[in-house]
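Descriptive structure summary
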Amino acid sequence: MSITTSRSDDNAELTIRIKGRFDFSSHQEFRDAYENPEGPFEQYKIDMTETTYLDSSALGMLLLLRDYAGGDNAKICITNCNNDVRKILTISNFEQLFVIQ
Amino acid sequence: MASSVLGSQKTLKILIADDNQSDRMILQNIVKKQGHDTATAVDGVDAIEKFSEFRPDIVLLDALMPRMDGFEAARKIKLLAGEDLIPIIFLTSLSDAESLAKCLEAGGDDFLSKPYNRIILQAKINAFNRMRIMHKTLLRQRDQIAEHNDHMMREQQVAKTVFDNVAHVGCLGANNIKHLLSPLAVFNGDVLLACQKPSGGMHVLLGDFTGHGLPAAIGAMPLAEIFYGMTSKGYALGDILREVNQKLRKILPVGFFCCACMAELNFEQEEIEIWIGGLPDCYLVQGDQLLKVASNRLPLGILKGEAFDARTYRFEMKHGDRVYLWSDGIVEATNAKGEMFGEKRLQQVFEDNLQEPNLFEKIRRSVVDFMGEGGPSDDLTLVELTMMPEKELGIENNYLTNTGLKGPQHWRMAYELCSDSLAVFDPVPLLLQIVMEVPGLRTRNGEMFTILSELYTNALEHGVLGLHSKLKASPDGFAEYYRLREERIRQLDGHFVKVDVRHKGAVAGGVLTIRVEDSGKGFDYQKLDGKLPGPTCYSGRGTALLLSMCSRVEYFGQGNIVEVDYEWQA
């Protein structure tokens, strides 16, 4: 498990990449990633290309980010989910809260 | 007159043909005195007969003789000699250039003018003997090379058969794959593998090993094994690449690696995922759009495990869209002027033929035409993958009938984690690994992880540690929850979490039952409604997830025991 971040050139978007399992053990790391001293950013992108699994505590963490980024006005896009990850997000109706690509 | 020149001391058999008896006698005397065996002939016809009987090493032939002259005899003797070099020295009193040239044109190797000079004669015999020996050596070596080559070809044929048995168990014959690959491609380092995934979809890998011959073929074996083994067990593209990378890095000497492109075709979602390292850029034809997919990763077998980058591209691919992969053979195809086909020409072929249904053949034709006659067309590797409905692939979906893929169908395991071990060990990956031994469940590893993780987390956090998810109501509460978790888990004594897993196979599927019991106080499960909480709630989704994935979720005792059924169909 490791989390890395990068900012877009215009500093408007923060990309958070999650590698491996996304569960409670990533809590602190994930929070540190989005509670960036230079944030909040206009947009967030969660890159799940290398995320293998997630569980309900990960869902909670995504919601924490959503509130941090402005709640209903937050612009958060979750990209490159594998089928399993997407399924969990779908079961939880997260499409209504996030842009899932 | 003894000489140390190679072969000069050996007794040679020398045939002397001259119609003039005294000339014949003189020559015979000279040659015999030099220690050689002789035979004589009186004219051309006689010379040919004696040649067959006596099998001379060197022939001394008079140019002008009755019945058949020396020129004619020389031609026939050369014919009879076949591959062997039997030097013919013409004996002649002619001295005009034209006649002398005629001697050589008829197949003679030299001439000796009458009257004979014995020193020159001996020098010539010695010189031609050296040439004869050299020629023999040459023939022997040529035969040896031919034999070695035959041997090598036979060995390659056997190696190829072995390789084919390993590499071509896949589905290269599927209707959506067109490919061009030399029959002995494994020895020029190119490998093409294709395999269906158990959950539907297909993995395709094109590899190009550095170097040719045996080293390339050796590297291709584990590559094929891992590719087919892991694909049919349901592993994801990234996992397979990581495994191959690690394996090749371990077995190949430094400087040897495998440029590769791996694609996963998802026929249901009409999507393709592409990883490309070291191979030339590949092309995606989406309707009438051409998209170049840049090679952006290092080849397999170079980077250490943790540094390896398995990130991929993802593209939408409608039915009929195609993707093209090749090794550098196509780009580097060279014409008679030494020019390479190059990427520009290749791109032009694509741009000119985007609507062409048989674009594959167009590309092949362009490259072959460019190289012209006699180009090494066996170095061209080209692959076309088309997106189509999975049922049109025209291949049997027989991955589960393959030996070893049946896996355990009926089994049960119990696992208990106690006291301080609860703090230091997360049993979920271990349990997941055991469950994944059932081939049909491998494709559901994401769901399996979530179910096992929810069950175990609930037992540990809510049961054993007595943490309430209401704590997670605010961001700070969320952090507090995990701080408390950390604190309480260090002070455990006499606690446990028991996991009991059973699997019962059915004709085309099965039921996995998981029972988890913890040493906590339990909870009032009558109050559970299993509904998903709203977006402002950071917790409470675990049970809803379980309910949506499992056919049965049942609590027992004081709420410290839960049992779920997960039903699956192949």
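See the structure above.
Cut-off values and rules
Residues numbered from 1 in each chain as written. Chains lettered and ligands numbered in written order. Predicted model: local features only at pLDDT ≥ 70, side-chain atom pairs only at ≥ 80, totals over all residues. Heavy atoms only, no water. Contact = heavy atoms within 4.5 Å. Buried area = accessible area lost by both parts, 1.4 Å probe. Salt bridge = Lys/Arg side-chain N within 4 Å of Asp/Glu carboxyl O. Polar contact = N/O pair within 3.5 Å; in protein donor to acceptor, adjacent residues only side chain to side chain. Helix = DSSP H or I, 4+ residues; strand = E, 2+ residues; numbered from the N terminus. Nonpolar A, V, L, I, M, F, W, Y, C, P; charged D, E, K, R; others polar. Phe/Tyr/Trp six-rings, centres within 6.5 Å; stacked < 30°, edge-to-face > 60°. Buried < 20%, exposed > 50% of the residue type's maximum accessible area, 1.4 Å probe, protein only. Lys NZ or Arg CZ within 6 Å of the ring centre and 35° of its normal. Pairing = 2+ DSSP bridges. Axes fitted to C-alpha atoms, helices over the stretch in contact; angles between N-to-C directions. Core = buried A, V, L, I, M, F, W, Y, C linked by side-chain atoms within 4.5 Å.

Facing the 33 residues of chain A at the interface are 37 residues of chain B. Between chain A and chain B, roughly 2,900 Å² of surface is buried when both sides are summed, and carbon and sulfur atoms account for 57% of that area. Three residues stand out in chain A for area buried against chain B, namely A:F24, A:Y53 and A:L64, and they jointly supply 19% of the buried area on that side. Taken together, the links from chain A to chain B amount to 4 salt bridges. Residue B:R242 is joined to A:E50 by a salt bridge in which the shortest nitrogen-to-oxygen separation is 3.3 Å. On the surface where chain A and chain B come into contact, there are 9 residue pairs in polar contact (both at pLDDT 80 or more). Those elements that provide at least two residues to the side of chain A that touches chain B are β2 (13–22), α1 (27–34), β4 (51–54), α2 (56–68) and α3 (83–91) of chain A. For the side of chain A that touches chain B, the leading source of residues is α2(A), giving 9 residues. A breakdown of the residues in the side of chain A that touches chain B according to their chemical character gives 12 nonpolar, 10 polar and 11 charged.

Tallied over the entire structure, the rule returns 21 aromatic pairs over all chains. For the pair A:F22 and A:F30, a centre-to-centre distance of 5.2 Å together with 50° between the ring planes defines the contact as tilted. The exposure class assigned to A:F22 is buried, which follows from its relative accessible area of 0%. For the ring pair A:F94 and A:F98, a centre distance of 5.4 Å and an interplane angle of 25° mean the geometry is stacked. The class of A:F94 is buried, set by a relative accessible area of 1%. Taking relative accessible area as the criterion, A:F98 reaches 4% and is therefore assigned buried. Taken together, the ring pairs in this structure connect A:F22, A:F30, A:Y34 and A:Y68 into an aromatic cluster. Taking the ring centre of A:F24 as reference, the NZ or CZ of B:R485 above it sits at 3.5 Å.

Residue and element names in this part refer to chain A. The element β2 is extensively covered by neighbouring structure, given that 7 of its 10 residues are classed as buried. Pairing between strand β1 (residues 2–7) and β2: 6 bridges, direction antiparallel. In the sheet register, T4 faces β2, and the bridge partner there is R17. Adjacent in sequence and paired antiparallel, β1 and β2 are bridged by 5 residues, among which N11 carries a positive phi angle near 65°. Here β2 pairs with strand β3 (residues 43–47) via 5 bridges, running parallel. In the strand pairing of β3, L14 is matched with Y44.

This brings us to the pattern of salt bridges. Under the criterion given, the structure shown has 41 salt bridges over all chains. Across the salt bridge formed by A:R31 and B:D476, the nearest N and O atoms sit 3.3 Å from each other. Of the two residues, A:R31 is situated in helix α1 and B:D476 in helix α15 (residues 475–489); the pairing between them involves two chains. The salt bridge partner of B:E343 is B:K292, with a shortest N-O separation of 3.6 Å.

Overall, A:R31 belongs to the buried group, its relative accessible area being 13%. Placed 31 residues apart in sequence, A:R31 and A:L62 show a C-alpha to C-alpha distance of 9.7 Å. Ignoring anything within four residues of it in the chain, the contact list for A:R31 reads B:P475, B:D476 and B:A479.

Residue and element names in this part refer to chain B. Spatially, the 5 strands line up as an open sheet ordered β2-β1-β3-β4-β5, and their pairing is parallel. Looking at strand neighbours, the two that pair on one side only are β2 (37–41) and β5 (110–113), the edges of this open sheet. Strand-to-strand twist across the sheet, computed as the mean angle between neighbouring axes with direction ignored, equals 20°. Alignment of strand β3 (residues 58–62) against strand β4 (residues 88–92), held across 4 bridges, turns out to be parallel. Residue pairing for β4: L60 is matched across the bridge by I89. Its contacts with the sheet place helix α3 (residues 70–81) against β3 and β4, and it is angled at close to 175° to β4. Relative to the sheet, helix α4 (residues 97–105) contacts β4 and β5, its axis offset from that of β5 by approximately 140°.

Okay, the sheet that holds strand β14 (residues 322–326) of chain B next. Residue and element names in this part refer to chain B. Taken in spatial order, the 5 strands line up as β6-β15-β14-β11-β12 in an open sheet, and their pairing is antiparallel. Looking along the sheet, the strands with just one partner apiece sit at the ends: β6 (177–180) and β12 (289–293). The mean inter-strand angle of the sheet, taken between neighbouring strand axes irrespective of direction, is 15°. Alignment of strand β11 (residues 282–286) against β14, held across 3 bridges, turns out to be antiparallel.

A few words on the nonpolar core. Counting 77 residues, the largest nonpolar core has A:F30, A:I46, A:M48, A:L62 and B:I514 as its most contacted members. No other element matches the 9 residues that helix α14 (residues 445–464) of chain B contributes to this core. Setting aside its immediate chain neighbours within four residues, B:I514 contacts B:I451, B:L452, B:L455, B:V499, B:D500, B:V501, B:V562, B:E563 and B:V564. Counting residues in hydrophobic clusters, the runner-up holds 30 residues, among them B:L279, B:C282, B:V293 and B:L325.

Residues and elements named next belong to chain B. As for its position among the elements, K114 is in the loop between β5 and α5 (118–167). Given the relative accessible area of 22%, K114 is considered partly exposed. For the pair K114 and S93, spaced 21 residues apart in the sequence, the C-alpha separation amounts to 5.0 Å. In this structure, K114 is in contact with D18, D23, D62, L91, T92 and S93, ignoring residues within four places of it in sequence. Of the polar contacts made by the side chain of K114, one reaches the side chain of D18; its length is 3.4 Å.

It is worth stressing that arrangement in space is one thing and function is another; only the former is reported here.
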